[in-house]
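Here's the letter readout for the chains.
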Number of protein chains: 2
Amino acid sequence: MTETRLPDVRGRGFPSRTALADAMRWLDAHTAPLPAEAVPIAGAAGRATSAALTAATDLPPADRAARDGVAVTAEATLGAGGYNPILLPSDQATPISAGEPLPPGTDAVLPVEAAQLSPLGIEVLDALPAGSGVERRGEQARAGTVLLPAGRILRPQDLGLLATLDLDTVSVVRRPAVRILLAGGPRQGDEADAVMLAALVERDGGLPERRGPLDREALAAALAEPAADLVLVCGRTGLGADDIAPLALADAGTLAVHGVALRPGDSAGLGLVGPVPVVLLPGEPGACAVAYDLLAGRAVRRLGGRPADMPYATVRLRTARKLVSEIGFAEVYRVRIEGGAVEPVASAAVAGLAAVARADGFVLIPAESEGLPAGAEVTVTMYEDPAHAL
Amino acid sequence: MTETRLPDVRGRGFPSRTALADAMRWLDAHTAPLPAEAVPIAGAAGRATSAALTAATDLPPADRAARDGVAVTAEATLGAGGYNPILLPSDQATPISAGEPLPPGTDAVLPVEAAQLSPLGIEVLDALPAGSGVERRGEQARAGTVLLPAGRILRPQDLGLLATLDLDTVSVVRRPAVRILLAGGPRQGDEADAVMLAALVERDGGLPERRGPLDREALAAALAEPAADLVLVCGRTGLGADDIAPLALADAGTLAVHGVALRPGDSAGLGLVGPVPVVLLPGEPGACAVAYDLLAGRAVRRLGGRPADMPYATVRLRTARKLVSEIGFAEVYRVRIEGGAVEPVASAAVAGLAAVARADGFVLIPAESEGLPAGAEVTVTMYEDPAHAL
C-alpha cells in the first residue's frame, strides 16, 4: 500500500503480508466498469447491462386476447350453459388468436371448448364475466417498471424480452481485455495455468490474450504494452532466485503489494503500470486458482460491470469434522458435501488442482481463526451448482 | 402416449392433457447421451465428460519441495535456532524451488527465512522435523482416485488439472445439434422466441440452428430433414385455425403428446420423426420459456450428457403471501426473494417475459394443489445465482 519500492524477497522471505481484505480493497480502488457499447441482442447472452432497462409503455400496450377462442361481449353470454346454449350471430362473435387485440366493443374471450360453430353463428356454452380470457393493458408490466437492472448478466430469457420489445441492440459494459503473461522459463504447471486462466477470464466476461513464457526483460516490456484493461502475470512470484515477476512489475510500473495473507496463494502481488492494474499470481496451479478467484477474478468482474463477488453460490452447512487452519492466513479449505455435512477434501497446504476438481467447493477460514470444530456452521462457496451437488 | 393419431384440437379444445411427469418420462425414454468425441483441452470448458477420469499415477509421483527454500536432512538441523545457527556445507544444503524433486538423501525443505547464506555454506536458523516443506508422493491424489466423474461439466480449474496431467485432449459427449423451427407466419413473439431458444440451447450445451417461419408443408419437410439430434418447433401449437405445428409433426412422423398439464405452456407437444425427438413449444414467449426449461431443455441436456434437471439452483424458503393455483395443472409461479421470503411476481396466467426478467426464480405448484398459504415452505428454482439474489 506504499509508493516506496517494496523489498526484493528472493532468498529472504516476506517481511510482512497484506491482509486479504486490504488486497481486495486495493483492487476495488483501481477498477471500475468499462464504458458501454451496443451489441446485437442475439449475441448478448452473458453480457452485463450498462444501465437499467425500464418499460417505455405499458406491457401489453392495450387489452388483448389471452387465449385462442371467440371474442364476445360478456353481457351477451349471461345465462349460457351446456344445456342452454346462446346463439350469437357472427358479427357479435369473432374468432381470435391469443395475443391479438380485442375487436371494439368486446370484453371477453370465450374458450374454444365453450364455443360451437353453427350455420347461424356461434353457440355459446358458458357464461363469462367481463375480462375473462383477456390480457389487460399493463398486466405484464406498467410503463416505467424496471425490467432489467444495471449490471444484469443477461439470461437467454432476457434476450427474448428485449426482442419482444422490438429492440435490435442492448447497451452492455465492454468486455475487459485481459493480458495473461507467463513469467519465466518452462516449469511444470505454467502451461496448465495459462489454459485455466484463459477459461476463468472468459467465464467472468473478459477477453483473454495469452503470451509467454517471458524472461524479466520481456515481461517488463509486455507489461508496458498498451491495449490491456488488466494484466495477469502467472508464475515466478516466490522466494527463489528465478522469481522475477515482482521485479519485472517494479521495472515497468509500481509493485504495490507483494505477499498476501492467503493460503494457498500467499506469494500473490498487485501493482500498476500506468492506470492498468496488474495481478501477480503464483505458478503452483492450486494457488493460482485460489488467487485468481479471490483477487484477479474480482478485477475482471468489476471491470466488466459484474458483481465483484465470486460467481459461485454459497450454502450454510455444518462441518462433519474439524478443519485446522493457521492463524495469520486466510485459508482456503477444499471440501465436499456428504450427507448434508461439510467433509474436508484438502487443507490449504495441499497443492495442485486434483483437490479443486474433487471438491464441491471451499470454506474460507479467516486469518484470525485457528480453524473450526466439528459441527460448526460454515459458509461453503460452491464450485458446483448446489442443485447438482447437494 | 399412444400410437393412434391424436385428434386435431383446433377449434375444439384439448380432450385431455398429459401430466408433466409423464411428458418428462417420455422425453427421458427417447433421449440418451450422444457418442463421445475428443476435443482439445483449451476449448473444453462447459463440455460434459463422457467417462470418469482417474489418476493414472500417484499425484505427485514422487516426494518434492512444497516451498522455495533449502533441501536438507532434517536430522542435521537438530538443535538449530536463531541464537544457535548450525552451519551446513553446500553439499548438504541445496537451494530448491517449490515443485522440484528432493535431492537424494534429503527429507525436509528449510524455508528461506530460516536459512542464511554464509561464505562457508548455509546457516540453519530453525530445527525441522522430517517431511517439513515436503509434498509427499500421492498427497494430491492416489493412483486410481476418480478426479473427474463422467458427466462433469468441465470447469476452468478442471482444464488446468487436465493440462497438469499432460493431456492434450479430453473425451466429451458430442454437442447435440438442435434445429429450431418457427412455425407459421409472422406473429408477435415468434422472433423473440427464436433468439431466446438459441441462447437457451447454447446454455444447455447444444448447437442451435434456426429456421423459419415455415408453413405446414415446409415445416413437415424441415422436420423430416436429417442431421438434427433434436427438433424444437416454436409457435402454432394452440387451438386456432392457423395452429398447424401438431399437424405438420403428424405429417412428418408421430405426434405422441399434444397438451401438457402445465401452465404456462399447456399447448406443448412431443413426438418423433424417425428416432429424432421433437418438442412443440407454444409461441407465447413466457409459455415458450417455461416449456423449454421443463421439457425441451431436458432433452438437450440429456442428449449432451448433462444432468437432466434444470441448471438452476434451488432454495427452500417460506412464502410471504398466498400463491393461488388451479387444480389439474402444474403451475409456474414467478417469484422474487425479498427479505428472505418468497414474494409472488406473476402467476402462471401472466404472459410475456417481463415477469421472468423481474423474477429471481419460480415455484412449481403441483397439479394436485390449489396453491400455497402464506408461510408455507417451498422450493424456489432460482433463475439467478442464489449468491447474488439472496
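These figures come from a predicted structure and were not determined experimentally.

Criteria and cut-off values
- Residues numbered from 1 in each chain as written.
- Chains lettered and ligands numbered in written order.
- Predicted model: local features only at pLDDT ≥ 70, side-chain atom pairs only at ≥ 80, totals over all residues.
- Heavy atoms only, no water.
- Pairing = 2+ DSSP bridges.
- Helix = DSSP H or I, 4+ residues; strand = E, 2+ residues; numbered from the N terminus.
- Axes fitted to C-alpha atoms, helices over the stretch in contact; angles between N-to-C directions.
- Contact = heavy atoms within 4.5 Å.
- Buried < 20%, exposed > 50% of the residue type's maximum accessible area, 1.4 Å probe, protein only.
- Least-squares fit on C-alpha atoms with pLDDT ≥ 70 in both.
- Buried area = accessible area lost by both parts, 1.4 Å probe.
- Salt bridge = Lys/Arg side-chain N within 4 Å of Asp/Glu carboxyl O.
- Polar contact = N/O pair within 3.5 Å; in protein donor to acceptor, adjacent residues only side chain to side chain.
- Nonpolar A, V, L, I, M, F, W, Y, C, P; charged D, E, K, R; others polar.

Turning our attention to the sheet that holds strand β18 (residues 269-273) of chain B. What holds strands together in a sheet is hydrogen bonding between their backbones, with the strands either parallel or antiparallel. Residue and element names in this part refer to chain B. Sheet architecture is open: six strands sit in the order β14-β13-β15-β19-β18-β16, paired in mixed fashion. One side of each edge strand has no neighbouring strand; the edge strands of this open sheet are β14 (207-214) and β16 (254-258). Recorded for the sheet is a direction-independent mean angle of 20 degrees between the axes of neighbouring strands. Examined bridge by bridge, strand β13 (residues 177-183) and β14 share six bridges and lie parallel to one another. When the bridges of β14 are listed, R179 appears paired with E209. Docked against the sheet, helix α6 (residues 285-303) engages β13, β15 (230-234) and β19 (276-281), running at close to 170 degrees with respect to β15.

The subject of this paragraph is helix α5 (residues 245-252) of chain B. Residues and elements named next belong to chain B. Where burial is concerned, most of α5 is hidden: six out of the eight residues are buried. Residues of α5 that are buried: A245, P246, L247, A248, L249 and A250. On the buried face of α5, the contacting elements are β13, α4 (216-224), β15, β16, β18 and β19.

Further remarks concern the relation of the copies chain A and chain B. The operation relating the two chain copies consists of a rotation about an axis and a shift along that axis. Rotating chain A by 180 degrees and translating it 0.0 Å along the rotation axis places it on chain B, where the RMSD comes to 0.0 Å. Seen this way, the second copy is the image of the first under a two-fold rotation axis. Most of the interface of chain A is mirrored in chain B: 100% of its interface residues are interface residues there too.

The subject of this paragraph is the interface of chain A and chain B. By a widely used convention, the size of an interface equals the accessible area lost when the partners come together. Counting residues at the interface gives 72 residues for chain A, matched by 72 residues for chain B. The contact between chain A and chain B buries some 5100 Å² in all, and 60% of this surface belongs to carbon and sulfur atoms. When the area that chain A buries against chain B is broken down by residue, the three leading residues are A:Q140, A:R155 and A:Q157, summing to 13%. Between chain A and chain B we count zero salt bridges in total. Taken together, the links from chain A to chain B amount to ten residue pairs in polar contact (both at pLDDT 80 or more). Listed by contribution, the elements that provide at least two residues to the side of chain A that touches chain B are β11 (146-148), α2 (156-164), α3 (190-203), α6 (285-303), β20 (313-319), α7 (354-358) and α8 (386-389) of chain A. Among the elements that take part in the side of chain A that touches chain B, α2(A) stands out by supplying eight residues, more than any other. Among the residues making up the side of chain A that touches chain B, the classes are represented as 39 nonpolar, 14 polar and 19 charged.

Quick look at the sheet that holds strand β4 (residues 69-72) of chain B now. Residue and element names in this part refer to chain B. Spatially, three strands are ordered β6-β4-β7 in an open sheet, and the strand pairing comes out antiparallel. The sheet is open, and its two edges are formed by β6 (94-96) and β7 (108-111), each paired on a single side. Sheet twist, expressed as the average angle between the axes of neighbouring strands with direction ignored, equals 40 degrees. Bridge count between β4 and β7: four bridges; the pairing is antiparallel. Within β7, the position partnered with V70 by the bridge is L110.

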